[in-house]
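What follows is the residue order along each chain.
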Amino acid sequence: MNRKVSVAPMMDCTDKHERYFLRLISKNILLYTEMVVSEAIDRGDKQKLLSFNIEEKPVALQLGGSSPKLLSNAAKIGEEFGYDEINLNLGCPSKKVQKNKFGACLIKEPNLVADCLIEMQAKTKLPVTVKTRIGYDQVEDYEHLYNFINKLKLTGIKTFIIHARKAILGKFTPKQNLNIPPLKYEMVYKLKEDFKDLEIIINGGINTTDQIKSHLFKTDGVMLGRSVYHSPYLLAEIEKEIYKNENYPSRQEVVEKLIEYLKKEVNKGTRVNQVMRHTLGLFHGQTGSSYWKRYLSENMCVRDADIQKVNHIMDKVKLNNVIQSAGQID
Ligand SMILES: Cc1cc2nc3c(=O)[nH]c(=O)nc-3n(C[C@H](O)[C@H](O)[C@H](O)COP(=O)(O)O)c2cc1C
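The following refers to the structure shown. Keep in mind that this is a model prediction, so the values were computed, not measured.

### A word on the pairing of strand β6 (residues 159-163)
Counting buried positions along β6 gives five out of five residues, so the element sits mostly inside the fold. The alternating pattern of β6 places T159, I161 and H163 on one face and F160 and I162 on the opposite face, and all of these are buried. As defined by bridge partners, strand β5 (residues 128-133) adjoins β6 across four bridges and the pair is classed as parallel. Residue pairing across strands places R133 opposite H163, the latter belonging to β6. With respect to chirality, the unit in which β5 leads through helix α7 (residues 142-153) into the neighbouring parallel β6 is right-handed.

Structure, rendered in structure tokens:
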């Protein structure tokens, strides 16, 4: 599996529509689902929670939970659905998540996490990976992080994604936890130095291809979250600069292909907004970007799933004008 560049799991963002859209821009990146809770997979509508488009592959399924039985069952079901990797979330700090004992608070319980990972690996042939943070609350010394990773390594885990900031449990909102604790990339670099046999992926605050290149000198891969969500065409630059692929699509081509997808989805009952809301940032950085955003905001909230309406909204002539205006001055 190529994990050189991946797009982070993000709740309410990296659903199957977003992933389809991102895959249109980049064929090389690895994509992650939003976190799916193992209890939900156990009790809920598996099709609704886990189905995805084959075109999105490779895709990793991120799971949340702390029950070895439920997590291992969920991993097996994920494999049956065709995912390429199973990732365990040990980094989410939200209060709700803590109450249910999963996410970042599990850093405090290495034995339980190890039990989960052992069972998960026993139930699936897919690679099982971990996404975690460098520490929590007052605990952010390197030794603690080293011991935690070492413990999980002994279960057979080979790939660790490290969000290079600690989590403050209970006190900060999830948003504050994504911004306030300082990024400490050095700790992630040191992990790679000390665990040469492990695949260490760095995450947090990475926004440009130059930054990606410099992290790739010290780690095995880079995971980007918000920068790609807000500016998805950054992936085209990643194709060019990181994967040396000159054959990436223009924004116009991306929109054209997406509209084909949109029409199919609307026929199935998906609302236009569910797909197009992810594309607001497609022209980010272009002087005419606001044309695109305005066009979408004014048009994407049609309520009924009427394909005639979609055809009208995405009327080719009008759309071309918008794309040209949005894309002016590259
Ligand atoms: C809206 C949003 C939702 C997120 N949801 C998840 C999630 O479901 N699972 C997870 O492990 N991390 C989640 N994260 C954290 C990201 O995966 C990533 O670790 C974090 O945003 C730092 O990377 P960035 O600075 O490149 O955005 C979320 C972040 C955001 C902004």
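### Concerning the packing of aromatic side chains
By the definition in use, this model includes five aromatic pairs. What links up through ring pairs into an aromatic cluster is the set Y142, Y146 and F195. Geometry around Y291 places R294 over its ring, the cationic atom sitting 5.7 Å from the centre.

### Quick look at the pairing of strand β2 (residues 30-37)
Along any regular strand, the residues point their side chains to alternate faces of the sheet. For β2, the buried fraction is high: seven of the eight residues fall into the buried class. Alignment of strand β1 (residues 5-7) against β2, held across two bridges, turns out to be parallel. Looking across to β2, one finds that S6 is bridged to L30. Following the chain from β1 across helix α1 (residues 16-25) to the adjacent parallel β2, one finds a crossover that is right-handed. Taken together, the five bridges between β2 and strand β3 (residues 59-64) define a ladder with parallel strand orientation. Bridge pairing in β3 places V37 opposite G64.

Reading the values: rules and limits
- Residues numbered from 1 in each chain as written.
- Predicted model: local features only at pLDDT ≥ 70, side-chain atom pairs only at ≥ 80, totals over all residues.
- Heavy atoms only, no water.
- Buried < 20%, exposed > 50% of the residue type's maximum accessible area, 1.4 Å probe, protein only.
- Helix = DSSP H or I, 4+ residues; strand = E, 2+ residues; numbered from the N terminus.
- Pairing = 2+ DSSP bridges.
- Right-handed = clockwise from strand over helix to strand, strands pointing away.
- Phe/Tyr/Trp six-rings, centres within 6.5 Å; stacked < 30°, edge-to-face > 60°.
- Lys NZ or Arg CZ within 6 Å of the ring centre and 35° of its normal.

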